[in-house]
Protein chains: 2
Amino acid sequence: MPVVQKRTKQPTVPPRDAFRYRQLAGEIENKIFSGLYPPGDRLPSIRSLHRQTNLSISTIYQAYRELENAGLVVARPKSGYYVQPVAMQKLEAPIFRKKSSAPQRVSLAPAINSVVEAISNPRLVPLGNTAMDPALLPVKPLARILKSITHSEMRTLLTYSPSEGNPELRRQIALQTTGVMAGITPDDIIVTNGCMEAVALALLAVTRPGDTVAIEAPTNFSFLQLLQELGLLVAEIATDPQEGVDLDELEKSLDRNSVRACLFMPSFQNPLGALMPEANKQRLVEMLSARDVPVIEDDISSQLYFGEPHPRPLKAYDRDGMVLTCSSFSKTLAPGLRLGWIIPGRRFNAKIRRLKAGITMSTSTLDQCVVSRFLSGGGYERHLRTLRSSLKKQLYRTALEIRRHFPAQTRLAIPQGGSLLWVQLPPGVDGLDVYQAAFDRGIATIPGAVCSNSDRFGNYIQISCAAPFSPRLKSAIETLGAIVDSLFPAPGCSRQAPCRP
Amino acid sequence: MPVVQKRTKQPTVPPRDAFRYRQLAGEIENKIFSGLYPPGDRLPSIRSLHRQTNLSISTIYQAYRELENAGLVVARPKSGYYVQPVAMQKLEAPIFRKKSSAPQRVSLAPAINSVVEAISNPRLVPLGNTAMDPALLPVKPLARILKSITHSEMRTLLTYSPSEGNPELRRQIALQTTGVMAGITPDDIIVTNGCMEAVALALLAVTRPGDTVAIEAPTNFSFLQLLQELGLLVAEIATDPQEGVDLDELEKSLDRNSVRACLFMPSFQNPLGALMPEANKQRLVEMLSARDVPVIEDDISSQLYFGEPHPRPLKAYDRDGMVLTCSSFSKTLAPGLRLGWIIPGRRFNAKIRRLKAGITMSTSTLDQCVVSRFLSGGGYERHLRTLRSSLKKQLYRTALEIRRHFPAQTRLAIPQGGSLLWVQLPPGVDGLDVYQAAFDRGIATIPGAVCSNSDRFGNYIQISCAAPFSPRLKSAIETLGAIVDSLFPAPGCSRQAPCRP
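So, how was this worked out
Residues numbered from 1 in each chain as written. Chains lettered and ligands numbered in written order. Predicted model: local features only at pLDDT ≥ 70, side-chain atom pairs only at ≥ 80, totals over all residues. Helix = DSSP H or I, 4+ residues; strand = E, 2+ residues; numbered from the N terminus. Buried ≥ 20, exposed ≤ 12 C-beta atoms within 10 Å, placed from the backbone. Contact = placed C-beta atoms within 7 Å. Least-squares fit on C-alpha atoms with pLDDT ≥ 70 in both. Nonpolar A, V, L, I, M, F, W, Y, C, P; charged D, E, K, R; others polar. Pairing = 2+ DSSP bridges. Axes fitted to C-alpha atoms, helices over the stretch in contact; angles between N-to-C directions. Parallel < 35°, antiparallel > 145°, perpendicular 65-115°, else oblique. Left-handed = near helix turned anticlockwise from the far one by under 90°.

S.K.: Tell me about the overall build of chain A, and name the residues and values.
M.R.: In terms of helices and strands, chain A carries 17 helices and 17 strands. When the backbone C-alpha atoms are referred to their principal axes, chain A occupies close to 70 × 65 × 40 Å. Counting the 501 residues in chain A, one finds 52% classified as buried. In chain A, the proportion of contacts linking residues at least 24 apart, taken out of those at least 6 apart, comes to 76%.

Given below as structure tokens:
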């Protein structure tokens, strides 16, 4: 129903009240997302809110209209406003199949190059771009730091930093681990060019070409690319869309194969969004320590949790120095500043230092200065709170739109953090077909096929929610839904007798 | 002789004339260094200069005194001023021994860690630090570029750059190759985190652990560290202190050993300063192409030539895409901005792109923006001219002081570019002893032993001239000379019957 037409019927809101109704809508929205107003519940009436808040009737009406347009609220005639029943309803999670694979060479899906190009193409709607939109980043404070650099400070900025990183930055990173990992000091931290260099150094430290690395299925396709370039084999381990890598499956693989290392992402896994339960983390670290298999963990998204507490990295359970924790500021501050770090643990610290010195010598002095000043300035925690709340809303909004516009057989779970949705398409619909048709209509997505090494997950797509929800994104999801609908039922199947995925 | 005492006898120069005498001294100095006034020649008399230039007698006298203090000019009573006979005299070059070695594991000199720490210790006199002093770098223009970045540009600076690099920066780098290498387009260039990442990517692209890489003896110790970390073996090829790697020795090594790749620095080699003749470059590339052995070249110093023309990289002779050229702005603009590049050639271009994407994803957007703006601004050529002239003076000044304060049996060649002096100590004097004694007196140098894999070059030290010559450096060289003198003759040798090195 065209919104513009309806708007002509609404009470006019003077511009000075626009801020108030948006603020009220935001407050109600937060209560819905936090579960204070459960799905299906009746919301306070306009009159009761008017009495409570002193806001005008038209302002409150406008706030509810806003929430209605966002799909969070439904108006029932002569009854009032209700939380959209589907809003917080547990969506049906993708089906988990316990299927792991024996070690094999990496062979990337043929679509990979096209996908990588599409997701970084700024002209396409960014439903595949996992890099945070600058609107979510502290652009102004960072720009102010640049302006504050004096000529005499610039002299220092042109010289090399210590290979292991700027001491103040390492101190700030160590401070961030308080309450999450015990006993991390600046000496434990080595600054890298983003999380990818950290992972690459870790792989170079613990493997040689031809070795086997256990990975999650599905996994971040950038890892597959890196593993291929380093000449490594991969053993895919079945990974639960909600709880992460399956430990029984991993144990079987370790028994059967000579696995040299593991590369996992326990918190808000890419692409699943899965969060490994704390008990599983402990069991995983103990299992690997007992077998002397190091584990490289990508901890890049753990600060993007929606609830409490901050998920702990595997490192928090590491007694034998077998966990190499990799992270970065790419998801929280600035992808383009290329600042990451690795906490290799005592067993690999010296080796990683030598590799870092050998491969990139040191990290940009300017980037390190800008970020360490931002962290020292004290605004990081506040920024993270805002970022988490924005991501949570973006994720819910996107999930609601998918629910609304995709065929009912679509499945997805809303993760407890991060910015990714892993969408299982209706039976028989091929993610690559969806990707291609969406691309032709100016929308970038990630087909599930590129996230594994064994032609699996063809029935999935990954949707990234790294940009503020907007009419452009809303309409792109609607288009995607129409595309999926047009591909379902697939040839040879019917809605009555759907093909198995 | 204390200079201060002498100065009291000189005609007083009014402050407003101070600029003029320095300018005149600079002009004469340039003529000496360019060979217009050869060593031993009589310089124009004070009276004739007075007539020619309209400068006052005292100003001209002051200029000659300045040159005398710098060791470039000698006053002969009742005769006039002469170019110091030793000044441009060809110093005796270090002795070249045609000694290569079979492939072997890298085993770094035990002193390496101490040396790496010493040369980056800002409290020590930087005679071992090869990083350019900020006084030689365009600090102000770069600081101005930072200040000019607007809030809205900052949004873009926080996002990822393309993995292969900022298009404008790649265009500027391609423009730099005009007249030096034919046919290089921006597409041929991949931006890296400094030259070291370029070399590391090249090694990862063309070798696997256990392969043999042919290297120069002596070589840049950072290469030895990297080769060790990547699990590569090295075959050392005898390298002439003036002409670079010996091609007959290389040919023999290629015949005998299975060499997978070469890693050479043809222009102003680190640590020798050697410049490979153009004919040798051509022969080298043809020899390797015929055997299908790729060569990785470190071209980082080729822009630092003192004469004309710009030395051509091996790439200029490459017809089969077998040369991988690595370079950076670390020697010319800013070590700390970590910007380098690789021109891998058509055969390895795709592989290097994949490795770059896999290992560090992309390079700092901010660093790339700052440097590409500086290059587009058009001041780079002028800056390079100033830099070359400063380096040339620093190198000559340092060489003269070494000549003056070290025992006569010391040998060194002044290279035709770059910033390094390779000093052969008198017979029996151990570079590590010199390094240690200098370190104890607050001076950092590089002992020759760390520049090879076969316990050779113990009789050498490397002196870096990357900072403007100053009284502090002058006095450090004097101290070094006293240290070398105190160690010579070494125990068991005598000045009359010196031990062989």
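From this point, things continue past the structure.
S.K.: Just give me the short version of the relation of the copies chain B and chain A, but keep the residues and values in it.
M.R.: Superposition record for chain B on chain A: RMSD 0.2 Å, screw rotation 180°, translation along axis 0.1 Å. The relationship between the two copies is best expressed as a two-fold rotation axis. Closest approach to the rotation axis within chain B is made by the C-alpha atom of K147 of chain B, at a distance of 2.3 Å. In this assembly the copies share their binding face: 100% of the residues contributing to the interface of chain B also contribute to that of chain A.

S.K.: Any chance you could break down the interface of chain B and chain A for me, citing the residues and the numbers?
M.R.: A common way to report how large an interface is uses the accessible area buried once the components associate. Each side of the interface is counted separately: chain B has 48 residues, and chain A has 48 residues. Of all the secondary structure elements, the ones that give two or more residues to the side of chain B that touches chain A are α6 (139–147), α7 (151–157), α9 (194–206), α10 (221–229), α13 (349–359) and α14 (365–377) of chain B. Counting residues per element, the side of chain B that touches chain A draws most heavily on α6 of chain B, at 6 residues. Of the residues assigned to the side of chain B that touches chain A, the class counts are 24 nonpolar, 15 polar and 9 charged.

S.K.: Give me the lowdown on the sheet that holds strand β16 (residues 446–447) of chain A, citing residues and values where you can.
M.R.: In spatial order, the strands read β13-β14-β17-β16 (chain A); together these 4 strands make up an open sheet with antiparallel pairing. Both outer strands of the open sheet, β13 (411–412) and β16 of chain A, are each paired with one neighbouring strand and no more.

S.K.: Tell me about the packing of helix α8 (residues 167–176) of chain A against helix α14 (residues 365–377) of chain A, and please be specific about residues and values.
M.R.: Residue and element names in this part refer to chain A. Between α8 and α14, the shortest axis-to-axis distance is 9 Å and the interhelical angle comes to 45°. With respect to each other, α8 and α14 are oriented oblique. Between α8 and α14 lies a crossing of left-handed hand. Here α8 contributes E168, L169 and Q172 to the contact with α14, which in turn contributes Q368, V371, S372, L375 and S376.

Such coordinate-based values are descriptive only and should not be taken to indicate function.
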